[in-house]
Amino acid sequence: MQKKIVLRTTLMVAAGVTAATGVMLAVYAVLGYFSAGVLIGGLLGAAYAAFNFYMRSIGQVKALAKETTTAAKHATTLSYTLRMFGMLALAVLGFVTKWYDGVAFLLPQVFAQAFTFVYYFIMVKKEARGGPSAAADEDGPGPEQEAEEENG
């Protein structure tokens, strides 16, 4: 069930990042800076932003399954470090080799953070109004309902 939630949330964030990247590419074109490198950088950046969000979410789910808080913190820190080194390596590759535009690669990472914030803000507002939670699934109850059932 948690993987369904992670996948659904990732798809929502990926859709937002894709739309924002499309706008970014249009702005590059209007300003006269559009090139194949910008297109490749933007597409690669959007793909990495979605991958990064997915891996972060899966890492958090796995960390919650750890037996101790220390083990969970170590797992989360390792995941974060590896993902950031991956992003840094791809950004430097774009800036150094000029195969793609490094700025066009990095901007979708910012879009992903913005859409993550907006998505969770909307879900919290919806839950506060008594609407279905982000975790509620068509196939069964969300984690809140499961926890209530377990606690009786």
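Residues numbered from 1 in each chain as written. Predicted model: local features only at pLDDT ≥ 70, side-chain atom pairs only at ≥ 80, totals over all residues. Heavy atoms only, no water.

A. Here's a closer look at the overall build of the chain. Secondary structure assignment for the chain yields five helices and zero strands. Starting at the N terminus and walking to the C terminus, you meet the elements of the chain as α-α-α-α-α. For the chain, with 152 residues in total, the buried portion stands at 33%. Expressed as a percentage of contacts within the chain between residues at least 6 apart in sequence, the contacts between residues at least 24 apart total 69%. A total of about 9700 Å² of accessible surface is found on the chain, and carbon and sulfur atoms cover 69% of it. (Helix = DSSP H or I, 4+ residues; strand = E, 2+ residues; numbered from the N terminus. Buried < 20%, exposed > 50% of the residue type's maximum accessible area, 1.4 Å probe, protein only. Contact = heavy atoms within 4.5 Å. Areas by Shrake-Rupley, 256 points an atom, 1.4 Å probe, with all protein chains shown as cover.)

B. Layout of the packing of helix 1 (residues 2-31) against helix 2 (residues 36-64). Running from N to C, helix 1 and helix 2 point in directions that differ by 160 degrees, and their axes come no closer than 9 Å. Considering their axes alone, helix 1 and helix 2 lie roughly antiparallel with respect to each other. Helix 1 and helix 2 meet at a crossing whose hand is right-handed. Listed contacts from helix 2 to Gln2, Val6, Thr9, Thr10, Val13, Ala14, Val17, Thr21, Met24, Leu25 and Tyr28 of helix 1 are Val38, Leu39, Gly42, Ala46, Ala49, Ala50, Phe53, Tyr54, Ser57, Ile58 and Val61. Each residue belonging to the contact of helix 1 with helix 2 can be placed in one class, and the counts come to 16 nonpolar, six polar and no charged. (Axes fitted to C-alpha atoms, helices over the stretch in contact; angles between N-to-C directions. Parallel < 35°, antiparallel > 145°, perpendicular 65-115°, else oblique. Left-handed = near helix turned anticlockwise from the far one by under 90°. Nonpolar A, V, L, I, M, F, W, Y, C, P; charged D, E, K, R; others polar.)

C. Broad picture of the side chain of Thr9. Along the chain, Thr9 falls in helix 1. Thr9 gets classed as buried once you look at its relative accessible area, which sits at 5%. Apart from residues lying up to four places away in sequence, Thr9 is in contact with Phe53, Tyr119 and Tyr120.

D. Quick look at a nonpolar patch on the surface. On the surface, a cluster of nonpolar side chains totalling about 630 Å² of accessible area is made up of Phe85, Leu88, Val92, Phe95, Val96, Val103 and Leu106. For the nonpolar patch, the secondary structure elements donating two or more residues are helix 3 (69-97) and helix 4 (102-128). Ranked by the residues each element gives to the nonpolar patch, the list is headed by helix 3, at five residues. Tracing the sequence through the fold places Val92 in helix 3. (Patch = residues over 30% accessible without salt bridge, like charges linked within 9 Å, V, L, I, M, F, W, Y side chains within 5 Å. Salt bridge = Lys/Arg side-chain N within 4 Å of Asp/Glu carboxyl O.)

E. View of unusual backbone geometry. Here the phi dihedral of Lys98 falls at roughly 65 degrees; this positive angle occurs in a residue that is not glycine. Tracing the chain through its elements places Lys98 in the loop between helix 3 and helix 4. When its relative accessible area of 63% is taken as the criterion, Lys98 is described as exposed.

F. Structural detail: the nonpolar core. Ranked by size, the top nonpolar core spans 13 residues in total, and within it Val17, Met24, Tyr28, Val38, Ala104 and Phe111 carry the most contacts. Contributing elements (two or more residues each) for this core: helix 1, helix 2 and helix 4. With six residues, helix 1 is the single largest residue contributor to this core. Among all residues touching Val17, those that are not within four sequence positions of it are Ala46, Ala49, Pro108, Phe111, Ala112 and Phe115. Listed in part, the five residues of the second largest apolar core include Tyr48, Met87, Ala91 and Tyr100. (Core = buried A, V, L, I, M, F, W, Y, C linked by side-chain atoms within 4.5 Å.)

Scope: geometric values only; no functional claims are made or implied.
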